[in-house]
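An overview of the molecular structure
Read off the chains here:
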Amino acid sequence: RYDLFSLCRFIGELFKLQMLVHKIMHDCVVSLLKGSDEESLECLCRLLTTIGKYLDTEKAKVCYFAAFAERSFVATSSYPNDPLFLLFFWWIENFS
């Protein structure tokens, strides 16, 4: 589990160094959103925490907001008070 979170952070750091393009990051976010388990969401939160300020452009906001809007499964999750879910919703509210 720790290795997976480290990999998400590493991918985010590569993006921050402009070694990965927005399209690749978008695909990573969408694939993590498609996962219906808690681990995928936690990886997504770690990734967004790492790259969040680099996604603060109008083009990125539109793309990522569309991806989040498609996956409203989080709102019906059985973990609504989990800090990771709260972080996820905070990120959506502040960066979309």
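Residues numbered from 1 in each chain as written. Predicted model: local features only at pLDDT ≥ 70, side-chain atom pairs only at ≥ 80, totals over all residues. Heavy atoms only, no water.

Brief notes about the packing of aromatic side chains
- Throughout the structure, instances matching the rule amount to zero aromatic pairs.
- The ring of F5 has R46 sitting right over it, with the charged end atom 4.6 Å from the ring centre. (Phe/Tyr/Trp six-rings, centres within 6.5 Å; stacked < 30°, edge-to-face > 60°. Lys NZ or Arg CZ within 6 Å of the ring centre and 35° of its normal.)

Concerning helix α1 (residues 2–16)
- Taking 1.5 Å per residue as the helical rise, α1 with its 15 residues ought to reach 21 Å, and the 21 Å between its terminal C-alpha atoms agrees with that figure.
- Every buried residue of α1 is listed here: F5, C8, G12 and F15. The arc that holds every buried residue of α1, seen down its axis, measures 75 degrees, which confines them to one face. Those residues of α1 that are exposed and angled more than 90 degrees off the buried face are Y2 and D3.
- The secondary structure elements touched by the buried residues of α1 are α2 (22–34) and α3 (38–51).
- One or two positions beyond α1, positive phi appears at Q18, with a value near 60 degrees. (Helix = DSSP H or I, 4+ residues; strand = E, 2+ residues; numbered from the N terminus. Expected span 1.5 Å × (residues − 1). Buried < 20%, exposed > 50% of the residue type's maximum accessible area, 1.4 Å probe, protein only. Arc of directions from axis to C-beta. Contact = heavy atoms within 4.5 Å.)

Comments concerning the packing of α1 against α3
- Between α1 and α3, whose axes approach to 9 Å, the crossing angle comes to 30 degrees. Taken together, the axis directions place α1 and α3 in an arrangement best described as roughly parallel. As for how α1 packs across α3, the hand of that crossing is right-handed. Seen from α1, the contacting residues are L4, F5, C8, R9, I11, G12, E13, F15 and K16; seen from α3, they are E39, E42, C43, R46, L47, T50 and I51.
- Looking at the contact of α1 with α3 residue by residue, the class counts come to eight nonpolar, two polar and six charged. (Axes fitted to C-alpha atoms, helices over the stretch in contact; angles between N-to-C directions. Parallel < 35°, antiparallel > 145°, perpendicular 65-115°, else oblique. Left-handed = near helix turned anticlockwise from the far one by under 90°. Nonpolar A, V, L, I, M, F, W, Y, C, P; charged D, E, K, R; others polar.)

With respect to α2
- In a regular helix each residue adds 1.5 Å, so 13 residues correspond to 18 Å; α2 covers 18 Å between its end C-alpha atoms and thus fits that length.
- Residues of α2 that are buried include every one of M25, C28, V29, L32 and L33, and no others. One face of α2 carries all of its buried residues, which in axial projection span an arc of 135 degrees. More than 90 degrees from the buried face of α2, the exposed residues found are K23 and K34.

Some thoughts on the nonpolar core
- Formed by 18 residues in total, the largest nonpolar core has its most connected members in M25, V29, L44, L47 and L55.
- Of all the secondary structure elements, the ones that give two or more residues to this core are α1, α2, α3 and α4 (58–70).
- Looking at this core, the element that brings in the most residues is α3, giving six residues. (Core = buried A, V, L, I, M, F, W, Y, C linked by side-chain atoms within 4.5 Å.)

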